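Understanding the architecture of this molecule
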Amino acid sequence: MAYDSSQIDAFKNVWVFCEQRQGKMMPTTFELISEGRKLADELGCNLYGILLGDDVDDLASELGGYGADGVYVYNSPLLKNYTTDGYTKVISEAVQEFRPEVMLFGASNIGRDLAPRCAARLHTGLCADCTHLDIDLDGYINFLRSGSSLDVDNMKFDTKLFDVNTNLKMTRPAFGGHLMATIVCPRFRPAMATVRPGVMQKRPYDEAGAANVEIMHPDFELVAADIETEVLDIVKAAKKMVDLIGADVIVSVGRGIAKDVEGGIALATELAELLGGVVGSSRACVDAGWISADHQVGQTGKTVHPRIYVALGISGAIQHKAGMQDSECIIAINKNETAPIFEIADYGITGDLFKVVPLLIDSIKAA
Ligand code: FAD
């Protein structure tokens, strides 16, 4: 059957683009595979990864450990490094051949570049930067309930059995983070989404799943002439990027450090080191050039859920809270007792951070 993205019944299964760089799987891939497993279970279908690279079979079995039923692996020296045109060609042709109903990408630099290209080529929609995914089964369940004696509440669904549409519900912040928009793509498939790193929970690794994952090598054609970009060199960042997403403790600075930026960052760094954590920041500090963008927490920065999040001189704007409000324990220090950060703080100290933080540091050292 000729490919037609509006023939939604012809599409089945959930796919995840498995992003690897220099033969190393990106952590977001495991989060997406875990989330994809939940969606596939709700839809009653399989979950497959699609993995591109050069000689990357070894990476595929690990994906089974997080819930993938199988992995389509495309190996070629031309796919060793990411190129927009090479990856778009292989993925969009694979989708046309196998027709997944749902396709997820990480909202990494590569995912943000690749997913819209693929969506445009496949004539479907894309919801970018999602923070929550769900399957809209309501219409389907009502259909099954109507006039039947099926025990719907205890059924495992195969949504392709009946001619009732189910949709991926894709939720993302909108209007500068002031509201959350839930978006569906009802008339085209695959339903495509990029998902923010760090928001989906990784499942515990399962050895049996890793042992049983099916690894497939479909035929494909890719020649040098298909790729108009040439990667000459990969230059590592001169400075080590801070790992906010994996951190257990984050001490973040905000505009409240303005009167002594260097001193404020030094205090945050000392406190973070004592607690075994790293330094984060609000966007105000990044915009002011006080700290690099990899430290930014929030809607346009990283989404984090550490065990302890300390906010120093941060007001708690909605866009900042969007990235840290799921932290296990939030400690806020702010000289304004009405600052919104106190609404979500587990512990709040009203005071000047330049006075409070040295006291905290001293008492931790003395303990
Ligand atoms: P302010 O709001 O200026 O707050 C400074 C706080 O410091 C105040 O509460 C003040 O009482 C306190 N203070 C001052 N001096 C001291 C002191 N000596 N001791 C203790 N407290 C003191 N922001 C983000 O953080 N992350 C994002 O990802 C992000 N994305 C955005 C996306 C969009 C589309 C938009 C429109 C905005 C975004 N913002 C983001 C910006 C956000 O709206 C706020 O402007 C920003 O978070 C404010 O940073 P702040 O809390 O450091 O500064």
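Residues numbered from 1 in each chain as written. Predicted model: local features only at pLDDT ≥ 70, side-chain atom pairs only at ≥ 80, totals over all residues. Heavy atoms only, no water.

The protein chain is annotated in an unreviewed UniProt entry as Electron transfer flavoprotein subunit alpha/FixB family protein of Mogibacterium diversum. Under the UniProt heading Sequence similarities (unreviewed entry), the entry covering the protein chain gives this text: "Belongs to the ETF alpha-subunit/FixB family." (UniProt positions renumbered as here; feature names shortened; annotations may be inferred.)

Focus on the site of the ligand
Around the ligand, the structure places 25 residues, and the nearest of them are Ser 282, Thr 300, Ser 315, Gln 319 and Asn 334. Here an oxygen atom of the ligand and a backbone polar atom of Arg 255 are 2.8 Å apart. Within the complex, the protein chains bury 77% of what would otherwise be the 980 Å² of accessible surface of the ligand. Broken down by secondary-structure element, the contributors of at least two residues to the shell around the ligand are helix H8 (283-287) and helix H9 (318-324). For the shell around the ligand, a count of residues per class yields five nonpolar, 16 polar and four charged. (Near = heavy atom within 4 Å. Polar contact = N/O pair within 3.5 Å; in protein donor to acceptor, adjacent residues only side chain to side chain. Areas by Shrake-Rupley, 256 points an atom, 1.4 Å probe, with all protein chains shown as cover. Helix = DSSP H or I, 4+ residues; strand = E, 2+ residues; numbered from the N terminus. Nonpolar A, V, L, I, M, F, W, Y, C, P; charged D, E, K, R; others polar.)

Digging into the packing of helix H7 (residues 261-274) against helix H11 (residues 353-366)
Two numbers describe how H7 lies on H11: the axes approach to 10 Å, and their chain directions differ by 25 degrees. Here H7 lies roughly parallel to H11, going by the angle between them. Crossing geometry of H7 relative to H11 is assigned as left-handed. Residues Gly 263, Gly 264, Leu 267, Glu 270, Leu 271 and Leu 274 of H7 pack against Leu 353, Phe 354, Val 357, Pro 358, Leu 360, Ile 361, Ile 364 and Lys 365 of H11. When grouped by side-chain class, the residues that make up the contact of H7 with H11 number ten nonpolar, two polar and two charged. (Axes fitted to C-alpha atoms, helices over the stretch in contact; angles between N-to-C directions. Parallel < 35°, antiparallel > 145°, perpendicular 65-115°, else oblique. Left-handed = near helix turned anticlockwise from the far one by under 90°. Contact = heavy atoms within 4.5 Å.)

Details of the packing of aromatic side chains
Taken as a whole and judged by the stated rule, the model has eleven aromatic pairs. Both rings, one in Phe 17 and one in Tyr 87, keep their centres 6.3 Å apart while their planes meet at 80 degrees; by these two values the pair is edge-to-face. One end of the pair, Phe 17, is in strand S1 (residues 14-18); the other, Tyr 87, is in helix H3 (residues 84-98), with 70 residues separating them in the sequence. According to the relative accessible area criterion, Tyr 87 is buried, its value standing at 3%. Here the aromatic rings of Tyr 74 and Phe 220 are separated by 5.2 Å at their centres, their planes lie at 80 degrees, and the arrangement is edge-to-face. A residue pair is termed long-range when its members are at least 10 positions apart, and Tyr 74 in strand S5 (residues 70-75) and Phe 220 in the loop between strand S12 (214-216) and strand S13 (249-253) qualify at 146 residues. You can call Tyr 74 buried: its relative accessible area is 2%. An aromatic cluster is defined as three or more aromatic residues linked by ring pairs; in this entry it consists of Trp 15, Tyr 48, Tyr 72 and Phe 98. (Phe/Tyr/Trp six-rings, centres within 6.5 Å; stacked < 30°, edge-to-face > 60°. Buried < 20%, exposed > 50% of the residue type's maximum accessible area, 1.4 Å probe, protein only.)

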